[in-house]
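Topology and contacts: notes
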Amino acid sequence: VVLGLEVSRLARNSTDWHRLLEICALPTTSSATRLERLAAERGVADRLVFHGYRQADYFVPLLASSHVCVCPDPPTPFNNVSTMTKVVEYLAMGRPALIFDLQETKAVAGAAELIVDEPSATGLGRTMARIADDRSLLDSLTAAASNRLNELSYSWESSSQILIEAYSRLFD
């Protein structure tokens, strides 16, 4: 949500962004009211939509209709060696991800990611502005995202074969 506030602040003076930008946030219900108040205080409430916690039948179509998704997980030793499920979900929907410079997330996302230059809301905001201003970059990242899970063999067909082989070795 801090990202949404920062991007909205950056976009406030743009003549085009107010038509193009809507930040959708899925905060927990307990934080939504506080965040809505903060967005109103900063004058960006018209650019943020707080959907709250939702089940997959609600948020999956919402994410699938996005142009780009954000993985705002900060650089930490744990985050550097793990990938959040949402990154794979973004790729499954053919959506590129804006990410911080995290080793394992970069390995999973491949060419479908755009690395944020500074691990902060401001850095994320600048990177979102960059992708919003460069349609060919967005198109290239989207094409890469659409094929990334196939490149990684992250399909049930591939995974099931590996699982069967592992069980076979275990029980032989």
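Residues numbered from 1 in each chain as written. Predicted model: local features only at pLDDT ≥ 70, side-chain atom pairs only at ≥ 80, totals over all residues. Heavy atoms only, no water.

A few words now on the packing of helix α6 (residues 85-92) against helix α9 (residues 135-152). Any two packed helices are characterised by how steeply their axes cross, that is the angle between the axes, and by the distance between the axes. The geometry of α6 relative to α9 is characterised by a closest axis approach of 7 Å and an angle of 110° between their N-to-C directions. Comparing their axes, α9 and α6 come out roughly perpendicular. In this structure, α6 uses Val88, Leu91 and Ala92 to contact α9, whose residues at the interface are Ala145, Arg148 and Leu149. (Axes fitted to C-alpha atoms, helices over the stretch in contact; angles between N-to-C directions. Helix = DSSP H or I, 4+ residues; strand = E, 2+ residues; numbered from the N terminus. Parallel < 35°, antiparallel > 145°, perpendicular 65-115°, else oblique. Contact = heavy atoms within 4.5 Å.)

If you trace the 3 strands from one edge of the open sheet to the other, you get β3-β4-β5, paired in parallel fashion. The strands lining the two open edges of the sheet, one partner per strand, are β3 (69-71) and β5 (113-115). Put simply, the sheet's adjacent strands are angled 25° from each other on average, direction ignored. With 3 bridges joining them, β3 and strand β4 (residues 97-99) adopt parallel strand pairing. When the bridges of β4 are listed, Cys69 appears paired with Ala97. α6 contacts β3 and β4 of the sheet and is inclined by roughly 160° relative to β3. (Pairing = 2+ DSSP bridges.)

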